Amino acid sequence: MPFLAAFGPGLDRPLPAVGGAGGRRFPSLPMPPLDWNATVERETAHLYARIKAVVPAVEWPFFAPYVKAINELKAARGAVILAHNYQTPEIYNCVADFVGDSLQLAREAAKTRAAVIVQCGVHFMAETAKILNPDKTVLIPDRRAGCSLAQAISADDVRLLRERFPGVPVVTYVNTSAEVKAESDICCTSSNALQVVESLGSDKVIFLPDEYLARYVASQTDVKIIAWKGHCEVHERFTADELRGYRESDPAIQIIAHPECPPDVLAEADFTGSTAHMIDWVRARKPRRVVMVTECSMADNVQAELPEVQFVRPCNLCPHMKRITLPKILDSLVHMQEEVVVDPAIAAKARRAVERMIHLKS
Ligand code: SF4
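Residues numbered from 1 in each chain as written. Predicted model: local features only at pLDDT ≥ 70, side-chain atom pairs only at ≥ 80, totals over all residues. Heavy atoms only, no water.

Thoughts on the state of the cysteines
Cysteine pairs can be covalently joined through their sulfur atoms, and such a bond is termed a disulfide.
Phase 1 of the analysis: Taken as a whole and assessed by the stated rule, the structure comprises one disulfide.
Phase 2 of the analysis: Left without a disulfide partner, Cys94 is nearest to the cysteine sulfur of Cys120, which lies 12 Å away.
Phase 3 of the analysis: Here Cys94 falls in the buried class, since its relative accessible area comes to 4%.
Phase 4 of the analysis: Between Cys261, a cysteine without a disulfide, and Cys232, which holds the nearest cysteine sulfur, the sulfur-to-sulfur distance is 8.0 Å.
Phase 5 of the analysis: With relative accessibility at 0%, the residue Cys261 sits in the buried group. (Disulfide = S-S within 2.5 Å. Buried < 20%, exposed > 50% of the residue type's maximum accessible area, 1.4 Å probe, protein only.)

In structure tokens, the structure reads:
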């Protein structure tokens, strides 16, 4: 395996600043009524039908008024909602215009003609949307929605690595701040990491900041990988023992894992892939019983679509993704907050790295 080394300063850096108020001023709109009544029930029935396999009927009277209000305000504001695969089913299925993994959301952000983008995901995703749409308003419903990977590395760290390995290209996972992207040659996601690494024509690549994704890529290529000791706090919690336990309890069970998991966990899996690739795998094979070794809400979202598949749910939730809720999305549209702001000079440099990835031929 051409894995050279993993560097890192320790993971105690505080969360980076997550945007801030600024840019244009939008007047707040009145808060819509949030009563549960026969009209709301009738007008949202088609949306509840999408999630009834995973959301009990008793919970819908709480969600439905928010869903109705968000969809109406979204139209009034000329907004689109982008939701990551880790969002909860009522967000993913009932208010989102586009859903997907980081790469799919970045592509949608690049294409959208909407004036306002509401990012239901974590901050680096909203920042990526802003980098690709400097003239649009990008909102995140909770500015504290961070990511342990984005927190693990700074632009200074990238500059030090460049000094230590002169001439070696830098690939950064999109799970990084705008400042880190700005110091990079190209970005990648877990969907395209291998393709990006091999696209550079270099026998050696600095791959940041996810050590486990770097090790997974190194296992698939002859390119030598220099990595960083960043980890996803959700995926690093899975253990190989846990997966062997599932296999012993049901030898026919299918185990599919995200490459942010440690290598011994991936060694127990039947398939390794990004969230989008995991969903495609389940859609194509429709296994009787499957464990998705990733953030727990994704199984709910796929279950809503494929009720015939039995999902075993090791419930590792991402606390950052779970900061995004229907009430906060509604607040976001009522008050046009929190607006994501990226320094234009940094955004311009970061955009080169993100667009270089988006324009890679798949
Ligand atoms: S699941 Fe992991 S990589 Fe994804 S946002 Fe949460 S902490 Fe970051």
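Here's the deal with the pattern of salt bridges
Phase 1 of the analysis: Using the criterion set out here, one finds 21 salt bridges in the structure.
Phase 2 of the analysis: One salt bridge in this structure joins Arg244 and Glu268, with 2.8 Å as the shortest N-O distance. Placement of the pair is Arg244 in helix α10 (residues 240–249) and Glu268 in the loop between α11 (263–266) and β11 (271–272), with a sequence separation of 24 residues.
Phase 3 of the analysis: One salt-bridge network, held together by shared partners, links Asp156, Arg159, Glu183 and Lys349. (Salt bridge = Lys/Arg side-chain N within 4 Å of Asp/Glu carboxyl O. Helix = DSSP H or I, 4+ residues; strand = E, 2+ residues; numbered from the N terminus.)

Looking at the site of the ligand
Phase 1 of the analysis: Around the ligand, the neighbouring residues are Tyr86, Val122, Cys147, Ser148, Leu149, Asn175, Cys232, Val234, Glu260, Cys318 and His320.
Phase 2 of the analysis: Assessed atom by atom at 2 Å from the grid points, the ligand resides in the largest cavity.
Phase 3 of the analysis: By residue class, the composition of the shell around the ligand is seven nonpolar, three polar and one charged. (Near = heavy atom within 4 Å. 1 Å grid on protein atoms, 1.4 Å probe; cavity = no way out; pocket = protein on both sides within 12 Å on 5 of 7 lines; lining within 4 Å. Sits in = over half its atoms within 2 Å of the grid points. Nonpolar A, V, L, I, M, F, W, Y, C, P; charged D, E, K, R; others polar.)

Structural notes on the sheet that holds strand β2 (residues 79–84)
Phase 1 of the analysis: What the four strands build is an open sheet, ordered β3-β2-β4-β5; its pairing is parallel. Of all the strands in the sheet, the pair left with one neighbour each is β3 (98–100) and β5 (137–139). On average, each strand axis in the sheet is inclined to that of its neighbour by 20°, with strand direction left out of account.
Phase 2 of the analysis: The sheet contact formed by β2 and strand β4 (residues 116–120) spans five bridges and is parallel. Along β4, the bridge assignment pairs Val80 with Ile117.
Phase 3 of the analysis: Packing of helix α14 (residues 326–335) onto the sheet brings it into contact with β2, β4 and β5, and relative to β4 it is tilted by some 160°. (Pairing = 2+ DSSP bridges. Axes fitted to C-alpha atoms, helices over the stretch in contact; angles between N-to-C directions. Contact = heavy atoms within 4.5 Å.)

Examining the pairing of strand β6 (residues 170–173)
Phase 1 of the analysis: Residues Val170 and Thr172 line one face of β6 and the alternating positions Val171 and Tyr173 line the opposite face, and both faces are buried.
Phase 2 of the analysis: Inspection of the sheet shows β6 paired to strand β7 (residues 186–188) by three bridges, in the parallel sense. In the sheet register, Tyr173 faces β7, and the bridge partner there is Cys188.

Focus on empty space enclosed by the protein
Phase 1 of the analysis: Scanning the entire structure with this criterion turns up two cavities of 30 Å³ or more.
Phase 2 of the analysis: Estimated volume of the largest cavity: approximately 260 Å³.
Phase 3 of the analysis: Along the wall of the largest cavity there are 26 residues; nearest its centre are His84, Tyr86, Asn175, Glu260 and Met321.
Phase 4 of the analysis: Split by residue class, the lining of the largest cavity holds eleven nonpolar, eleven polar and four charged.
Phase 5 of the analysis: One number sums up the size of the second largest cavity: a volume of about 70 Å³.
Phase 6 of the analysis: In this structure, the second largest cavity is lined by Ser102, Leu105, Ala106, Ala109, Gln119, Phe124, Met125, Thr128, Ala129 and Val174.
Phase 7 of the analysis: Those elements that provide at least two residues to the lining of the second largest cavity are α4 (102–111) and α5 (123–132).
Phase 8 of the analysis: Split into classes, the residues belonging to the lining of the second largest cavity amount to seven nonpolar, three polar and no charged. (Points joined across faces, edges and corners; volume = space filled by probe spheres on them.)

Details of the packing of α4 against α5
Phase 1 of the analysis: α5 packs onto α4 with a crossing angle of 30° between their chain directions and a minimal axis gap of 9 Å. Viewed along their axes, α4 and α5 adopt a mutual orientation that is roughly parallel. Every pair of crossing elements has a handedness; the one defined by α4 and α5 is right-handed. Contacts between α4 and α5 involve Ser102, Ala106, Ala109 and Ala110 from the first element and Phe124, Met125, Thr128, Ala129 and Leu132 from the second. (Parallel < 35°, antiparallel > 145°, perpendicular 65-115°, else oblique. Left-handed = near helix turned anticlockwise from the far one by under 90°.)

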